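Chain residues, written in single-letter form:
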Amino acid sequence: MIFSQVSQAPADPILGLTDTFKADTRAHKVNLGVGIYKDEAGQTPVLKSVKKAEAKLLEIEKTKNYLGIEGVQAYNQVVQNLLFGDKSELVSQHRAVTAQAPGGTGALRVAAEFLATNTSSKTIWVSNPTWANHQNIFETAGLTVKQYQYYAAATHDMDFDAMLADLEQASAGDIVLLHGCCHNPTGIDLNIEQWKLVAQLCLEKSLLPLFDFAYQGFGAGIEEDAQGLRAVAKVVPELLIANSFSKNFGLYNERIGAVTLVAEDKATADRSFSQIKKTIRSNYSNPPAHGGLIVSTILADDALRAEWEAELTEMRQRIAQMRTLFVESLKAEGVTQDFSFISRQNGMFSFSGLNKDQVNRLRDEFAIYIVGSGRISVAGLTKDNMPAVCKAIAKVL
Ligand code: PLP
């Protein structure tokens, strides 16, 4: 039989954990695995700005006709404004082209397949560590994945010199995957001076930056979090961006993101776009409409945009508070090890330094679920679950 030859795939390290969590019958269980924002009540509600945009859309919707391959036109325009700013030269020079995509994952996959099929760029460098799905996406699309050092476990900080040294080994035309902000899993980002050095290195060595930008607004703010991307786009003539609105609009299950290509001139951008569209056509033909319509409706309406920005600020500030409380609560539980680095990290995640045994004990003995690498989703911590989490960590250390 044909299907009897199929082997069992390993469980996904993050989503597989959610399945185990769901099957756990212990009432006090806590899931700090997957990157989902929870409010103080431990819920992931639909944003108010999103509900209002959906009500508006329901009223005006006249057809479920197909979108074009590139998605909602107005959406693609607002994506460029968010990425590059309202007064971006490269946007006004039409050097950027954007296609709506099913989430950041879909955008990364389209970008990777476009590169593997149409260019001589076949090797991509990703940070060590990186989001667990990167290697999977890129290898499936036909790219070879190499790693550059990013994190120094001893200092719980980034090892920028090692990153540069590794990227010095890259060949002309190689792709470099960069996390735009809120690096997943470490929560440690480049500062603006470091971004400029990376931009210079990419220019000098003819490396192609591919930004994974899944957390705009979760670090320091919408504009602030785009500083690295904009610094690189100012220096290099060509780059790609895969962005996602899963987290900052809370649109996880709508699957909404975009792939953006920046070329040295409009003609090259347009020609490249024809191949991006061909890639999309052979994968899913054209994107689902709802997420793109929500985002473009909110961003085109001053009042809705202001409401969304306030909701995003609230999410960002709650996570920052949880970081501080986490550090304080661990101390209060008698933990003497220095965890102050947690309050210096950005975004949803903290690389805790907990080892596999400790992660397993947290799950088996205390029903606290974190990823095997020791990555904790701080966005899943609340004032209510904090004492239990910190008590358990104090016990396994
Ligand atoms: N990139 C990074 C770094 C992520 O953390 C995630 C989601 O966890 C994604 C991409 C994928 O986002 P989406 O859910 O929009 O596909």
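Keep in mind that what you see is a predicted model, and the values were worked out from it rather than measured.

Participant: Would you take a moment to explain the sheet that holds strand 9 (residues 239-244) for this structure?
Facilitator: The strands that make up a sheet are held in pairs by hydrogen bonds between backbone atoms, and each pair lies either parallel or antiparallel. Here we have seven strands laid out as an open sheet, ordered 2-10-9-8-7-3-4, and mixed in their pairing. Where the open sheet ends on each side, the last strands, each with one partner, are strand 2 (96-101) and strand 4 (144-149). On average, adjacent strands in this sheet sit at an angle of 25 degrees to one another, irrespective of strand direction. Of the pairings in the sheet, the one linking strand 3 (residues 123-128) to strand 4 comprises six bridges and is parallel in character. Each bridged residue has a counterpart across the sheet, and for N128 the counterpart in strand 4 is Q149. Contacts from helix 3 (residues 73-84) reach strand 2, strand 9 and strand 10 (257-262), with the element oriented near 115 degrees to strand 2.

Participant: Honestly, the environment of A74 in this entry has me stumped. Any pointers?
Facilitator: One can find A74 in helix 3. Owing to 15 C-beta atoms within 10 Å, A74 belongs among the partly exposed residues under this scheme. When the C-alpha positions of A74 and F349 are compared, they lie 32 Å apart, and in sequence the two are 275 residues distant. Once residues lying within four places of it in the same chain are set aside, the contact partners of A74 are S296 and A300.

Participant: Whenever I open this one, the nonpolar core confuses me. Can you help?
Facilitator: For soluble globular proteins, nonpolar side chains are generally found buried alongside one another. Core analysis: the biggest nonpolar cluster contains 114 residues, and A111 and V259 have the highest contact counts within it. If you tally residues by element for this core, the top one is helix 12 (residues 302-332), at eight residues.

Participant: Any chance you could explain the UniProt feature "domain: Aminotransferase class I/classII large" (unreviewed entry) in the protein chain here in plain terms?
Facilitator: Mapped onto the present numbering, the UniProt feature "domain: Aminotransferase class I/classII large" (unreviewed entry) falls at residues 28-393. Measuring from the first to the last C-alpha atom of residues 28-393 gives 15 Å, for a span that is 46% helix and 15% strand.

About the thresholds
Residues numbered from 1 in each chain as written. Predicted model: local features only at pLDDT ≥ 70, side-chain atom pairs only at ≥ 80, totals over all residues. Pairing = 2+ DSSP bridges. Helix = DSSP H or I, 4+ residues; strand = E, 2+ residues; numbered from the N terminus. Axes fitted to C-alpha atoms, helices over the stretch in contact; angles between N-to-C directions. Contact = placed C-beta atoms within 7 Å. Buried ≥ 20, exposed ≤ 12 C-beta atoms within 10 Å, placed from the backbone. Core = buried A, V, L, I, M, F, W, Y, C linked by C-beta atoms within 7 Å. UniProt positions renumbered as here; feature names shortened; annotations may be inferred.

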